[in-house]
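Here's the letter readout for the chains.
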Amino acid sequence: MKQVFAERMSLLGTETAFEVLAKAKRLEAQGKDIVHLEIGEPDFNTPKNIIDAACLALTSGYTHYTPAPGIQEVRETIAGYIQRHKNVTVSAENVVIVPGGKPIMFFSILATVNPGDEVIYPNPGFPIYESVIRFVGGKPVPIPLREENQFRLDVNELAQLITPKTKMLIINSPGNPTGGVLTNSDVEAIADLVRGKGILVLSDEIYDRIVYGDSHPLSIASLPGMKDWTIILDGFSKTFAMTGWRLGYGVMHPEIADRLAQLMVNSNSCTSAFTQMAGKEALTGPQTDVDLMVAEFKRRRDIMVSGLNSIPGVTCLLPEGSFYVFPNIKFFGKDCKEIADYLLNDAGVACLGGTAFGSHGEGYLRFSYANSVENIQKALERIEAALGKLR
């Protein structure tokens, strides 16, 4: 069947988390006990008020097509949220609602990047960035995120990567897979670098409610001259435990929004009506469940990091956001994917090798602590025993 496929299909990558999940499920089907720390999904149920809003929407007739960019009142609600939460003044015309966060990545790159255009993206970073850049014929330009810089990009290094061919910069804070968070000074310096150069910034802010410090991450779109040149990617999956609902959105210049709406018409037609109404409730209803989830994630983070740092040969920074840790396992002198496979097969702990997020992830593993404290402690015991055999 090889001759059937377009050449461009060979340029698409994948998301290893789902591959490892499938392997782990097969092992479970064979009777093996697996602790799942591979998938980036909150283990909490969607808050009841959001579920109730979806049920009410269904019984109230929200079962039909909607406008391609989303229901007007929901777009207005998102615009109000963006103004309150990110300090960016926008209207419904800036908002496009899509089925999940990934379409904003895909559509934004597809709509703006020509073959040969350069796109700077974080490495280690979410693998779909590089995948889509290659798919559209762009040139991926990785900006390394280094442990010695708390997995924040180096602004001086970024300056060296910008060329006349740079079309887009992708930033992700808090970041997947590292949990690193750009400081306000970082974001201001990035804005100073790109402002006036015709460079779009795709700012992936999907984890910006899951932070553990005293201050909220600064959105680059809130800085002078940056709103029209920033595409904010956000959604409901992580903050509101709504991964299965497939509900995300982008905030951008209205002309870009029109182009993304065109892509929606040509692909999905629209986002499910009742899920949009659930999203409206998520943003306007009680936020207590979000606060409780974040507090629990912080408790788990502290246990996970302390436990990993107690294992000889492992060191782990304390992440400031998201629900991932990215421990250093270079001591063992083995390929990180080999160690990840070993932990799955030998210890029954599913995780990802750092190179699933780019070449600069070699020497690291990614664990998601979106699991119970009991399971995290079980995993830590298994990891310590398994790595002890490698020392």
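Preceding this paragraph is the structure being described.
Owing to the predicted nature of the structure, the values given are computational and were not obtained by experimental measurement. (Residues numbered from 1 in each chain as written. Predicted model: local features only at pLDDT ≥ 70, side-chain atom pairs only at ≥ 80, totals over all residues. Heavy atoms only, no water.)

### Details of the side chain of Thr239
Thought 1: Within the secondary structure, Thr239 sits in the loop between strand 7 (230-235) and strand 8 (248-251).
Thought 2: Looking at Thr239, the relative accessible area reads 6%, which means it is buried.
Thought 3: What Thr239 contacts, discounting residues up to four positions off in sequence, is Ile206, Arg209, Ile210, Val290 and Met293. (Helix = DSSP H or I, 4+ residues; strand = E, 2+ residues; numbered from the N terminus. Buried < 20%, exposed > 50% of the residue type's maximum accessible area, 1.4 Å probe, protein only. Contact = heavy atoms within 4.5 Å.)

### Considerations on a nonpolar patch on the surface
Thought 1: Taken together, the side chains of Met1, Val4, Phe5, Met9 and Leu12 present a nonpolar region at the surface, about 540 Å² in accessible area.
Thought 2: Using a relative accessible area of 31% as the deciding quantity, one classes Leu12 as partly exposed. (Patch = residues over 30% accessible without salt bridge, like charges linked within 9 Å, V, L, I, M, F, W, Y side chains within 5 Å. Areas by Shrake-Rupley, 256 points an atom, 1.4 Å probe, with all protein chains shown as cover. Salt bridge = Lys/Arg side-chain N within 4 Å of Asp/Glu carboxyl O.)

### Quick notes on the pattern of salt bridges
Thought 1: Applying the stated criterion to the full structure yields 23 salt bridges.
Thought 2: Residues Lys378 and Asp33 are paired through a salt bridge, measuring 3.5 Å at the closest nitrogen-oxygen approach. Taken as a pair, Lys378 in helix 12 (residues 373-388) and Asp33 in the loop between helix 1 (16-29) and strand 1 (35-36) lie far apart in primary sequence, 345 residues in all.
Thought 3: Of the residues examined, Lys378 reaches a relative accessible area of 28% and is grouped as partly exposed.

### Focus on the sheet that holds strand 4 (residues 139-144)
Thought 1: Strand order in the open sheet made by the seven strands is 2-8-7-6-5-3-4, with mixed pairing throughout. Sheet topology places strand 2 (95-98) and strand 4 at the edges, where each strand pairs with a single neighbour. Averaged over neighbouring strand pairs, the angle between their axes works out to 20° when direction is ignored.
Thought 2: Bridge count between strand 2 and strand 8: four bridges; the pairing is antiparallel. Note on strand 8: the bridge partner recorded for Ile97 is Tyr249.
Thought 3: Running at roughly 115° to strand 2, helix 3 (residues 72-86) makes contact with strand 2, strand 7 and strand 8 of the sheet. (Pairing = 2+ DSSP bridges. Axes fitted to C-alpha atoms, helices over the stretch in contact; angles between N-to-C directions.)

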